[in-house]
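Spelled out, the chains give:
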Amino acid sequence: MSKVKLKHASGNGVSIAAPESNPAADRTLYLPSNADGTVLTTTYPKVGSVIQVVNSTFTSWDAATVAGNAWWDNPGAANFRADITPTSTSSKILVFGHVYMSCATGNTMAFIKIRRDSTDIGQGDASSSRRQVNGGVFLSDDYHWIPLTFSCLDSPSSTSALQYTISIGHWSSSNRTFYMNRTITDSDDYGNPRSASSITAMEIAQ
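For every chain, the first residue of the written sequence is number 1, and numbering continues from 1 along that sequence. Local features in this predicted model are restricted to residues of pLDDT 70 or higher, and side-chain atom pairs are both shown and tallied only at a pLDDT of 80 or more, whereas totals for entire chains, interfaces and linings draw on every residue. The side-chain values count all of the structure's non-hydrogen atoms but skip hydrogen atoms and water molecules.

Enquirer: How should I be thinking about the nonpolar core in this particular structure?
Expert: Across soluble globular proteins, nonpolar side chains have a tendency to be buried as a group. Judged by nonpolar contacts, the single largest core of 31 residues is most densely connected at Tyr 164 and Ile 168. Broken down by element, the residue count for this core peaks at 5 residues, all from strand β7 (residues 92-103). Excluding residues within four positions of it along the chain, Ile 168 makes contact with Val 66, Ala 70, Trp 71, Trp 72, Pro 75, Val 99, Met 101, Phe 111, Ile 112, Leu 148 and Phe 178. Only buried Ala, Val, Leu, Ile, Met, Phe, Trp, Tyr and Cys residues count toward a nonpolar core, and they belong to the same one when joined by side-chain atoms within 4.5 Å. Under the scheme applied here, a residue whose accessible area is under 20% of the maximum for its type counts as buried, over 50% as exposed, and between as partly exposed, the area being computed with a 1.4 Å probe on protein chains only. To qualify as a helix, a DSSP run of H or I must reach at least 4 residues; to qualify as a strand, a run of E must reach at least 2; elements of each kind are numbered from the N terminus. We call two residues in contact when some of their heavy atoms are within 4.5 Å.

Enquirer: Even after reading the chapter, I still don't get the layout of surface pockets, so can you show me in this structure?
Expert: To find leftover empty space, a probe the size of one water molecule is rolled over the atoms. Grid spacing is 1 Å over the protein atoms alone, the probe is 1.4 Å, and a cavity is where that probe fits but cannot get out, while a pocket is an open set with protein on both sides within 12 Å along at least five of seven lines and lining residues have an atom within 4 Å of a point. Grid points are joined across faces, edges and corners, and a volume is the space filled by probe spheres set on the points. Put simply, the largest pocket is a space of about 560 Å³. In terms of lining residues, the largest pocket is bounded by 17 residues, among which Ile 16, Ala 17, Ala 18, Pro 19 and Leu 29 are the most central. The residue makeup of the lining of the largest pocket, split by class, is 12 nonpolar, 2 polar and 3 charged. Classification used: nonpolar for Ala, Val, Leu, Ile, Met, Phe, Trp, Tyr, Cys and Pro, charged for Asp, Glu, Lys and Arg, polar for all others including Gly.

Enquirer: Please clarify how the pattern of salt bridges should be interpreted in this entry.
Expert: Close approach of charged atoms lets side chains of opposite charge pair. We count a salt bridge whenever a side-chain nitrogen from Lys or Arg sits within 4 Å of a carboxyl oxygen from Asp or Glu. Summed over the entire model, instances satisfying the criterion amount to 6 salt bridges. A salt bridge links Asp 83 to Arg 81; the nearest nitrogen and oxygen atoms lie 2.6 Å apart. Owing to a relative accessible area of 37%, Asp 83 belongs among the partly exposed residues under this scheme. Relative accessible area serves as the criterion here: at 28%, Arg 81 is assigned to the partly exposed category. Where Arg 194 meets Asp 186, a salt bridge forms, and the shortest distance between an N and an O atom there is 2.7 Å. Arg 194 gets classed as partly exposed once you look at its relative accessible area, which sits at 49%. Each of Lys 113, Arg 115 and Asp 120 takes part in a single network of salt bridges with overlapping partners.

Enquirer: Looking at this structure, how should I read the packing of aromatic side chains?
Expert: The geometry of an aromatic ring pair is captured by the separation of the ring centres together with the interplanar angle, meaning the angle of the planes. Each aromatic pair joins two rings of Phe, Tyr and Trp (for Trp, the six-membered one) with centres within 6.5 Å, and gets the label stacked for planes under 30 degrees apart, edge-to-face for over 60, and tilted for any other angle. Evaluated as defined, the whole model comprises 3 aromatic pairs. Here Phe 58 and Phe 80 contribute two aromatic rings whose centre-to-centre distance is 6.4 Å and whose plane-to-plane angle is 55°, an arrangement assigned as tilted. A residue pair is termed long-range when its members are at least 10 positions apart, and Phe 58 in strand β3 (residues 50-58) and Phe 80 in the loop between β5 (72-73) and β6 (82-84) qualify at 22 residues. Phe 80 shares its class with Phe 58; the two are buried. Centre to centre, the rings of Tyr 100 and Trp 145 are 4.9 Å apart; their planes meet at 25°, and the pair counts as stacked. Of the two residues, Tyr 100 is situated in strand β7 and Trp 145 in strand β11 (residues 145-154); the sequence distance between them amounts to 45 residues. A cation over a ring is seen here: Arg 182 above Trp 61, with NZ or CZ 4.6 Å from the ring centre. Note on criteria: charge over ring means Lys NZ or Arg CZ within 6 Å of the ring centre, with the direction from the centre no more than 35 degrees off the ring normal.

Purely geometric stuff here, so don't read any function into it on its own.
The structure is reproduced here in structure tokens:
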């Protein structure tokens, strides 16, 4: 196996060697032509490095009537989710985003939770009959149009394809109708905008 050895002025050097096994065809490695650079070693990616990023932005609108003690799973349907396949079981997945929500009934506490496939993640501890959520917001008026933000650093310990979604719930025993990315009235004027909701998943090296 041929090598090229680059020696340091103090004596030691670094060898650039041909592949250990015969490649299927001749390969060419191009060096940068107009910028300095550093060759990454086998310890890459470093802890904390971002390996990959996936994002879903939902720009249409959706609506659902949610019963008491129930959840509106995956608002935005199949168009609002983050699908990611980790490259290592040691990686963590940072999931974050926001969903713009309004409710047809005032004085409603809206809850949000994050799901990895069918597993709820990033929620508070179990405590009697209290609901476990990632966060929430109080809509004191039926004209309120508010972003529910969410975030979680997940440790899935997996290299399988994962799907991250959200669910919306509320505190009432009665039905509540929620609208995503639009106001309640939605009349055709400047006071009733349409918004975009976003979910992002980032693989973080550990």
